[in-house]
Structures are given as C-alpha cells and as structure tokens.
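# What the coordinates show
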Amino acid sequence: MLSVSGVAGMVTQVVGVAAGAPLLVGWMRQVRARLEGRAGPGPAQPWRDLRKQLHKQNITPDGTTVVFAAAPVVLAGTSLVIAAIVPGVTTGSPLDRVGDLFAVVGVLLLGTVALALAGLDTGTAFGGMGASRVVTIAALVEPTILVAGVALSVPAHSSNLGRIVATTAADPGLVASPAAALAFAALAVVVVAETGRLPVDNPATHLELTMVHEAMILEYTGPRLALIEWAAAMRLTVLLTLLVNLFVPWGVAGAGAGPAGLLVGLGAVAFKVAALGTALAAAEVFLAKLRLFRVPELLAGSFLLGLLAATTSYFLTGPAG
Amino acid sequence: MSSHTYTSLLYLASGVLLLSAVGIVWGRPLRVAVRLLAAQGAALAAIPVLGGAYRHDWYLLGVGLAVCVLRAAVLPGLLARLVPPPVGLTDPREQTGAGERHETGPLLGTSASLMVTAGAVVLAYAVGQPLVALDPSPSTRAAPVALAVVLMGVLLLVTRRRAVSQIVAFLTLDNGIAAVAFLLTSGVPLVVELGASLDLLLFVLVTQVLTARMRVKFGGTDLGELQELHE
Amino acid sequence: MITTAAMAAAVLAPLVAAMFTAAVGWRPIAAWSSVAASLAILTSGIVLAANVGAGHVYAGGHLLRADALAAVMTIVIGSVGTLATWGSITYLDAELRHGHTTPARARTYGILVPAFLAAMALAVLAGNLGLTWVAVEATTIATAFLVGHRRTRASLEATWKYVIICSVGIALAFLGTVILYFASVHAGGAGGAAAAGGGDGGGLDVDTLTANATHLDPAVTRLAVVLLLLGYGTKAGLAPFHTWLADAHSQAPAPVSALMSGVLLAVAFTTLLRVKVISDLALGPGFLRTGLLIMGLGTLFVAALLLVAQRDYKRMLAYSSLEHMGLLAVAAAAGTELAIAALLLHVLAHGLGKSVLFLSAGHLQLAHGSTAIADVRGVLARGPLLGAAWAAGLFALLGFPPFALFASEVGMARGAADAKLAVPLAAALVAVVIAFVALTLHGGTLLLGSAHPEQPSLRLSAAAAAPLVAGVVACVAIGVVATPLDHLLTTAARLLTP
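Presented here is an overview of the structure given in this document. (Residues numbered from 1 in each chain as written. Chains lettered and ligands numbered in written order. Predicted model: local features only at pLDDT ≥ 70, side-chain atom pairs only at ≥ 80, totals over all residues.)

Before going further, it helps to spend a moment on the environment of Cys68(B). Residue and element names in this part refer to chain B. The topology assignment puts Cys 68 in helix 3 (residues 58-80). By C-beta crowding, Cys 68 is classed as partly exposed, having 19 other C-beta atoms within 10 Å. Taking the C-alpha atoms as reference points, Cys 68 and Gly 41, separated by 27 residues in sequence, lie 6.3 Å from one another. Those residues in contact with Cys 68 that lie beyond four places of it in its chain are Gly 41, Ala 42 and Ala 45. (Helix = DSSP H or I, 4+ residues; strand = E, 2+ residues; numbered from the N terminus. Buried ≥ 20, exposed ≤ 12 C-beta atoms within 10 Å, placed from the backbone. Contact = placed C-beta atoms within 7 Å.)

Right under this line is the structure:
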C-alpha cells in the first residue's frame, strides 16, 4: 500500500537524517564546548570535516580484503534503511510493515558486525581490540533493545514501531506506567552504549586504552572515513529519534497526513532530538568514562531493567493466566 | 480514588519495590544499600496504605502507617548506625575502614548477579502463575513482583560477604514476603502481623549486637573470616 | 476451665520465671524458678493429656488450641525443660567459678532459657499457623544469645550462621503460610485481615484449614506446602539446610544444646506434621511424602557419614540428633497411625536421652576445657557416675531395649513397611547402621579409652548428679512402663492420619 503521503514522509525522514545527522553531532559538540567554557567550532563543523575528508585519497592497507572496503558502505546503508523505517516524521512509512522492532535491531547489528569485521580485517592490534570490545558491548545491547521493545509492544499488541508510536500518541498515560519508565531507562543506556557516547566510550578520544569505536576505524582515511563518520552520526540520530518518539510521540504525522502534517512532524522531531542531544551532551560534561570492565555491569543492569519492563508490562497488563 | 488510579499507583509502588531491590543487587556501597532499603520499606508500606485509602479501610491504613514507621525509618535507622560515616580523604582511617563501608568480595560479580536477578524475575513470574490464576485481581497480578524481590533477597544472602549486607539482604527478603502478604490477602491477621513485626525488630537488634561483637573479635565484619567451624 | 488454665500456665509460667530472673539476677532462687516453670509446663501437658481426649480445646478465643498432639509436645517440652533447667544450675555455677562467664551473662542466660521455653510452648499450643510461625521465629531470637553465650570467636560464628540460616528458613515458611492463607481465604475461610482483626487467626486456624482443605486450590497449596516444608525443615535440621545445626549445638552451653536438640527440632517438626494433615487432604498423601522422604533420607546419610568422621563429642551428639530427625521425616512420610505414634514416642525418648548425654557432655567440657574426643578418654574409670550416665544415654540413643527408642524405631520401621516404602526403609536402615557403628565406636572410646594419668577426676557433686540420674530414670521409665502413654500417643497419631 504505497501512499503518496507515506512515501513523502519516508523520503523526508531519510533526507532529514542524512542532512541533519552531522549537524546534530556538531550541535552536541558545541553544547559541550560551551559548557566547558570553550568557544566551539559551531554546529556545521562535522559537515566541513566530511567535505575535507571527501577530497582526500582512499588508502587501502596491505593485506586487507573486500571486507575492509565494503564495511563503510554497509554501515551507511544500514543506517539509511533504519532511517527510512523508524517512525520519525510519520508513522505511515511504506516500509513500516516490515518496520518491526526486531528488523531494526537486526539491521543495526548488521552495521555493527560489518565494522567489527573491518576492524579485524586490518590485522592490527587496535582493530582487533576495538572489534572485540564492540562485540562485547553489542552482545548485551541488542538483547536489551529487544526486551525493552517487547515491553513497549505489549500495550500496542504489536511489535510494529509505527503502531507502538501511534498507540502511545493516542494514550499518553501509558508513558507514566512503571513498564514504560523501566524500558526508557534501559533503552537510554543502550543508545548511549550503541552510539559510543560517554560513559561507555569517549567519542573524542584517541587514547588506545579507552577507545572502542575509534580503535576499529583507525586505518580508514579519506572518503571511506567520511562515510563511516557520517553513518555513525546517522546511527546516533536515528536511535535518538526512536528513543524520543517511542516515549514522547507528540507531533508525529499519522498515516494519511498531508504536507503540512509532515512539516510539523519534521519540525517536532528535529526539536525533540535536538533537545535530547543537548541533554545528553550536557550530561557528558559531568561523566567520566567507565573502566572497560565495568561497562558490562552497566549493560547487564540495563538488560535487567529491560527484562523487568517486559515482564512487568506483560504480567500487569497482559491477559490473565 | 478511581479504580484505574488505584491500580496505577499500586503498580508504581510494586515497581519501586522491585527497582530498589535491583539497586541493592547492583550497588556496593553499604550506605546506598541502606537508603534503598528505606525506599523499599516506604514502597512496601504504600501497598496497604493505597488499599486502605481505596477501600476506606481504616484498619489497613493504620497497618500501612505502622509498617512505614518500622520498615522505612526504624530498621534502616538501626542499620545505618552499623555503617561508618564517610570520612574525608585526609582522614588517616580512610584506608582501614574501607571494607566496612562497601561490600567487598561478593561471591558473584555485579554483572553475573544482575543476570541471575534477571533469571530470578522470570522464575518468580513462572512460580507466581498459580496465584494469579486463582484470583486475577490487580493486586494479585503484582504478587510475582514481590516474589521476585524475595528471590533477590535470597540471592543477596547467598552471595554477600559482609555482615551488614546480609542483614540488608534478609530485610529485602522479608520486605518481599510482606509485600506478597499485602498483595494477596491485604495482610495477615493482626496478631500474626504484630508478632512478625516484633520478631523482625528483634532480629535486627540481635544481628546488630552480633555485628558489633564481630568487629571486636574479628576486627571487621567480613564473613569470610568465619571459618573456624567446619567438618 | 482447667484446660484454659493449663494452656495459659504453659506459656506464661516460663515468662514469669524470665521476668523474675531479670529482676533478681542469677541466684539460686531464680535458677529454681526456671525449673519450677518447666515443671509447670510438664504439669500442664499432663493435665491437657488427661482432658483433651480425641478432640481439642481452645483458650483465649482461638488463639491457643490444644489437642493430643499438643499435649504430647507440651509434655516433651516440660520434661526436657526440667532436666535442662535443673542441669543449668550446676553448669552455670561451675562456669562462674571458672570465670568462663560473668554474673551479667548468667542473668541473660537465666532470662533467655525460660523465654525460649515459653516460645516453644506457644509454638505447639498456637491455634493458627501464623502464631506458630511467630513463636518458632521467636525461638531463634531467644536462642541467638544462648548459642553465643561463651563469646568466643567460634561461638560468634555459630551464632551468626544459626541466626541467618534459621531466620531465612523460617522466612520462607512465613511466605508459605501467607500463600496458604491466600488459598484458605479463597476456599471460604474467614475473610481478609479486617475480618480477622478481632484476634483469632481467621483463615489460618488449624481447624478452618483442615475443614476447608479439600477446597484449597491445589496449585497454590502445592507452592505453599513446598515453602513450608523447606522452612520448617530448615528449623528441624533437615538436609540440605542442616549446616547450622552442628555449629550451634556444639557452641551452645550444654543445657541449651539439650533443649535445642531434644525439643526445638521436634517442635519445628511437629509444625510439619500439622501441615502434612492439610497437605494430605488437599493434595493427596503422595505430595508431601516425596518431599519428606528426599529430605529425610538425605539427612540420614549426611548425619551418618559425618558421624563416622567425627572427632568432637558435642558435634557427634548434634549429628546424632540430625540422624533422628531424618528418621522422624521417614516415619512421617510413611504416615500410618503406627508410624506417627512411634514417631511421637521417639521424640519424647530421644529428647530425654539426648538431654542426659548433653548434660554429661557439659560436665566433660567443663572438666577438660575441650570438646575433642581425643582429649576426653576413660571417663568411666575417672567418674563412674558420669560414665554410667553417658553409657545409659548412649544405650538409649542407640535403641537398646529396655529404652523406648527400641520400641519406637521398630514401630516406625513397621509403619514404613505398612506404607510399602520398602526401598526408602532399606536405605534408612543402612544409614542407621552406619550411624550406630560410628556412635558406638566414638562413644566407647570416650567411655573406655585409656586415660592420661594427668587427666582430671570426674567425680560429680550430688547437686550435679541429680538431674543426670533423674534423666536416666525417666528414660528407663518410659521404656518400661509406656502404657499410660500408649493411649495418648495413639490418639495423637489418629488426629494426624485422617
């Protein structure tokens, strides 16, 4: 069922994410810089960085295979697919029928694995170390997203993301339930972990003992590096979008909304994501990075919260028996 | 109070009960554990208070307030006296007393404990099914949450290696049981409730004295020191 | 009503003795007040036995309730309590003389022992399972400082383990009680707490539960019974939660060990018998039988194997108690009238025999300052009276005729055979034989082994010897002239086998 509104909404989402993601990252850096008393380069700096990288030459290290070359493309591709699926601007995306929570988690994991393989493919110590760390984190992050998603899908009687958002938009009281609160806490932790923010990973570090994401992409330069940075920014954006719309779905356009509705949706989601990003950046100022071996504790805790959310939600609101 | 509000608030109280137990499993500092225990006591007391307010049952309301005083104030207050206050970094005692302020060397690491807790929650729901099936009322539906708290108490008891941690663990277990009682049957008969509360108070007093004696005899409260008696 | 007075006396007399000791401190008159309180419990038990017949009587609304089983247990508490409090007098005086304890601690001892007796009397006379639970938990609290009486590192360790393990076990029993109450309320027992606020136990009344047992929801009751079995099983020292038992019994002062071993375990076990009646009606006899057999046989084998390797005579006695609790569990699993009657006789005879042994062990410990069998040899040569008491207690415990344990063990075995429990019975017999050999060897070494010349003489003063002699006489008496008990035990057994 391709509707014009749906296709238009989806395109808006993809374009919005593609264009807005570096801006969001820049904005968060800027917030952080200001809070730390620095002037900051301005929100557009990531775009300028990307442009600079694109003009550089691609370098393929000796001994690497097609995995190394393909990983950035896969990563960017998966990010774009998720951007098309998640109900950011509209719940009526034509991909919404496959836009199941499980599909999103699967696609997300695909990107993660591609990058981890690329890290291994270089055969360097750092690449392997980063890959091992990121897989450790992913092993705990993905189940958490799944169980938290199950918790949220119970009131909507569907794991379809559009349906969940629509249900929550119709009955805002659901957000106040313990299950939703637990699920929000769980998802917030995993989004932070998955996007490599403090306290799990420091996006601004190149110190070998602490880095996770940066360790894997150490060998990349030029357009490939630009692609990876861009894709990472998009992942951050879509995950924040998902988080914010699952719990605060106000302003999201319905299935048959016209251009005005889509515009409102775009504005609303941009504002909400920017606000959440600001909060995240502000929180990071006060956080120190966790020691790596404490990270599984944090993630195990968030998995537990997610599981509690799922069980509470199922048993308190589910059918008897 | 409408039925919907009552149910939401009841579930909120159960949620806080569960979260405070998770917090106790998660954290190491004993001070935090004692504070969480107080929050847990308050959440537990909220269950009969809500029930009393909803059904206009003054007796239940009174029991709830008494439970609140005992479990949110008196017992955590007694326990707090066993945890040395935090001392400044310049204080030379900082090094020596560290073990008395934190749970040290539990038998299970934090991640593993949290994973076992997750299993315990699922187990509690499985075990609680017959209860819900017998009487599918809103409060009975929350009983498995309380059972999960009981199991977390057992987990804490088995894995923790500090005297104060074990008392906290026992009180968590007992809070869970009391919550089961309030959720299933609005509490047990008065004479039993009174007797059980008195027993609980005496238990804490006795273990408090024992902990103090342990500090004198063993120079600390590490239960790993208790190894003289064995076959 | 004389039964009301008897029930009130059984609970209140020891409390009065405790308060009296609190007021005047540890001195002869206070010590004798505890003995008087124990005798009052014994008298109450006999009065109740004579008056309840096959029915039951209430006191204080439905708060207190006595039937033949409660009467038997009251008699056990009274008789063992008398021996233990009597033995405490010389025991504590000797401790004070040796400087092992202080007058203040002796006073605490004098307060806690009768309080402990009161809690046990309340546990067997309570009219509802909730109050029974409160009383059983109270026994843990009351005995905590008794186990830690000596204030050594070892006794502190034993106390901590005892308090934590037993409290957790009992907490599980409370969870079981709550769930049973839930089932009972839904089966038409008295309503919620508000309806029962008047003071009686509502849906937890033993009679209400028994009457409604067939209406109880099976799935919920199953959950409750499992928790109750684990909980009271912990307190009764059944495996796998027996670990506190030997530590606590070996560290407690000898008269307290006698009370814990001879009565406390049995009191906890009696509660299981009450639960069994309800469980058998609600779930059929097979359910609890399986649980009791597993825990009983486990306990028997743990006890037998630990007895073999034992080097400490107080721990040896503790494991022997464990072995007897295992036997009780197997007999309860059999559940025939004969088996239950034999079980109750066993409780009484074991309580008395074990008291004599623990009191003797107390004298040995005081004289040698050690509880190792290797340090205490040739007792018979050095103290004929103490040696004879030890030998008599050992013979009673091993089940030689004319002691009552012979009759009770035969009765339990026949009961198990009647219930077609051939394999468990055979397994139990293997464990009993292992335990028999181990006890004989260790007990014999202690009694007849070659003594070092410098070891102390073990002559007892008349005051110290009197409770031992009385205990031995009582052991023989119930073995030889058990007839008055026959009727009572059979009545009690009939109550428990619907």
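Here the narrative resumes.
Turning our attention to the arrangement of the chains. In this assembly, 2 pairs of chains are in contact, and the pair with the greatest number of contacts comprises chains B and C. With no contact between them, chain A and chain C keep their nearest C-alpha atoms 13 Å apart.

What follows is about the interface of chain C and chain B. Opposite the 43 residues of chain C that make contact, chain B presents 43 residues. Only helix 5 (129-147), helix 6 (153-186) and helix 8 (218-235) of chain C provide two or more residues apiece to the side of chain C that touches chain B. Broken down by element, the side of chain C that touches chain B gets its largest block of residues, 19 residues, from helix 6 of chain C. For the side of chain C that touches chain B, a count of residues per class yields 29 nonpolar, 9 polar and 5 charged. (Nonpolar A, V, L, I, M, F, W, Y, C, P; charged D, E, K, R; others polar.)

Residues and elements named next belong to chain C. Axis separation between helix 16 (residues 404-418) and helix 17 (residues 422-448) bottoms out at 8 Å; the angle between their running directions is 155°. Comparing their axes, helix 17 and helix 16 come out roughly antiparallel. Handedness of the helix 16/helix 17 crossing: left-handed. Contact residues: Ala 413, Ala 416 and Ala 417 in helix 16; Ala 422, Pro 424 and Leu 425 in helix 17. Here the contact of helix 16 with helix 17 is built from residues that sort into 6 nonpolar, no polar and no charged. (Axes fitted to C-alpha atoms, helices over the stretch in contact; angles between N-to-C directions. Parallel < 35°, antiparallel > 145°, perpendicular 65-115°, else oblique. Left-handed = near helix turned anticlockwise from the far one by under 90°.)

Below, the discussion takes up the environment of Val15(A). Residue and element names in this part refer to chain A. Secondary-structure assignment places Val 15 in helix 1 (residues 4-35). A count of 12 C-beta atoms within 10 Å places Val 15 in the exposed class. Between the alpha carbons of Val 15 and Ala 84 there is a distance of 9.2 Å; along the sequence they are 69 residues apart.

Moving on to helix 19 (residues 483-496) of chain C. Residue and element names in this part refer to chain C. Between its first and last C-alpha atoms helix 19 spans 20 Å; for 14 residues at 1.5 Å apiece the expected length is 20 Å, and the two agree. Those residues of helix 19 lying buried are Leu 488, Leu 489, Thr 491, Ala 492, Ala 493, Leu 495 and Leu 496. On its buried face, helix 19 is in contact with helix 2 (28-52), helix 3 (68-98), helix 10 (254-283) and helix 13 (337-368). (Expected span 1.5 Å × (residues − 1).)

This part is about the environment of Glu297(A). Relative to the helices and strands, Glu297(A) resides in helix 11 (residues 295-317). The exposure class assigned to Glu297(A) is partly exposed, which follows from the 19 C-beta atoms found within 10 Å. For the pair Glu297(A) and Ser177(A), spaced 120 residues apart in the sequence, the C-alpha separation amounts to 26 Å. In this structure Glu297(A) touches Thr110(B) and Ser111(B), once residues within four positions along its chain are discounted.

Right, let's talk about the interface of chain B and chain A for a bit. Frequently, the measure chosen for interface size is the accessible area removed from exposure when the parts meet. In this complex, chain B contributes 22 residues to the contact, which on the side of chain A involves 16 residues. Of all the elements in the fold, those that place two or more residues in the side of chain B that touches chain A are helix 1 (3-26), helix 5 (110-134) and helix 7 (143-159) of chain B. Looking at the side of chain B that touches chain A element by element, the count peaks at 11 residues for helix 5 of chain B.

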